[in-house]
Amino acid sequence: MINKFEKQLEKWNGGVLRGAQAKLARLLQVSTATVALWTTGKRRPSKGYVAQMAQLFGLDEFSIMRLFTPATMYPEAHPFSPLPALRDAQGPENAYSADNSTAQSNSVSIPLLSAAPLNYPALTGCEVTEWWTLPRQRTQGGKYLLDINNALWLIKPASVWTDGKTMLIWASGKSLLAKVQGQTLLAANGQTLPTVEARPLGQAVLKMDYIG
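What this report covers is the structure whose coordinates are included nearby. Just so you know, these numbers come straight off a predicted model, no measurement behind them.

On to the overall build of the protein, then. Across its full length, the protein holds 6 helices and 9 strands. Relative to its full complement of 212 residues, the protein shows a buried share of 42%. Once local pairs closer than 6 in sequence are excluded, the contacts in the protein between residues at least 24 apart make up 52%. Looking at the protein as shown, the accessible area adds up to about 11600 Å², and 50% of this sits on carbon and sulfur atoms.

In structure tokens form, the structure reads like this:
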């Protein structure tokens, strides 16, 4: 049984799957091994390759990203509609996993969002721009990624302050990271403000280098 990406490759290659991976690799100037990793779901293409494939396949970038999205993890959604709520893994049917198996996986797929979700788990107003596969043991409860100050931060949703932790906050109409120090918040730019003037959105659990 072929997956969504393979079906698209077959269609693009005149109805023949054989040789389609190698053809795509040549056009994108990547190795066939890289395309094979995309096909098996062990790696997802960066934004640049998504844009190139959109042109080659005659699709929009959202449709390309959906080719690499496990159907068991997030429901299908129209690119211009509010996305449904993220669901925690309460059972096999809602498996928070990078594959379609009901067994516990060693990795999880995490969405990279274009904006902080103010009403988590609802993603109204936010757009999933990319998917990342991370080792399960490193996620520490993190549910989404945000690009903040040219770095990727894995965020664990939280609605209460945790002293001594770096948290994603909403203050003065924008989201930012700040360290909680008692009743005071210390932002990365040196700004300080009392906790009563901000709203906690989540706790930063992992900082990642982003190679786009």
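Okay, helix α2 (residues 20-28) next. Within the span of α2, buried status applies to A20, L24, A25 and L28. The buried residues of α2 occupy an angular sector of 135° when the element is viewed end-on, so they sit on one face. With its phi angle positive at about 60°, Q29 sits one or two positions after the end of α2.

In this structure the tally under the stated criterion is 4 aromatic pairs. Ring geometry for F5 against F68: centres 4.7 Å apart, planes inclined by 45°, an arrangement best described as tilted. Taken together, the residues F5 in helix α1 (residues 4-12) and F68 in the loop between α5 (61-66) and β1 (107-113) connect sequence positions 63 residues apart. Of the two residues, F5 and F68, neither departs from the other in class, the shared state being buried.

Attention now goes to the sheet that holds strand β2 (residues 128-135). Remark on secondary structure: sheet strands pair via backbone hydrogen bonds, oriented parallel or antiparallel. Pairing within the open sheet is mixed, and its 9 strands lie in the order β2-β1-β3-β4-β9-β5-β6-β7-β8. The outermost strands of the open sheet, each flanked by one partner alone, are β2 and β8 (192-194). Each strand axis lies, on average, 40° off the axis of its neighbour in the sheet, ignoring direction.

This next bit is on the side chain of S109. Within the fold, S109 resides in strand β1. What makes S109 buried here is its relative accessible area of 0%. Polar contacts involving the side chain of S109 include one to the side chain of R44, which spans 3.2 Å.

What follows covers the side chain of Q203. Inspection of the secondary structure assignment puts Q203 in strand β9 (residues 199-208). Those residues within four positions of Q203 in sequence are excluded, and the remaining contacts are L154, I155, K156, A158, T162, K165, T166 and M167.

With that out of the way, let us pick up the pairing of β2. Within β2, 6 of the 8 residues are buried, leaving the element largely enclosed by the surrounding structure. As defined by bridge partners, β1 adjoins β2 across 7 bridges and the pair is classed as antiparallel. Bridged to L112 within β2 is E130.

We now examine the pairing of β9. Summarising burial for β9: 8 of the 10 residues are buried, a large majority. In the sheet, strand β5 (residues 166-171) pairs with β9 via 4 bridges, with the strands oriented antiparallel. Across the sheet, W170 pairs through a bridge with R199, a residue of β9.

Cut-off values and rules
Residues numbered from 1 in each chain as written. Predicted model: local features only at pLDDT ≥ 70, side-chain atom pairs only at ≥ 80, totals over all residues. Heavy atoms only, no water. Helix = DSSP H or I, 4+ residues; strand = E, 2+ residues; numbered from the N terminus. Buried < 20%, exposed > 50% of the residue type's maximum accessible area, 1.4 Å probe, protein only. Contact = heavy atoms within 4.5 Å. Areas by Shrake-Rupley, 256 points an atom, 1.4 Å probe, with all protein chains shown as cover. Arc of directions from axis to C-beta. Phe/Tyr/Trp six-rings, centres within 6.5 Å; stacked < 30°, edge-to-face > 60°. Pairing = 2+ DSSP bridges. Axes fitted to C-alpha atoms, helices over the stretch in contact; angles between N-to-C directions. Polar contact = N/O pair within 3.5 Å; in protein donor to acceptor, adjacent residues only side chain to side chain.

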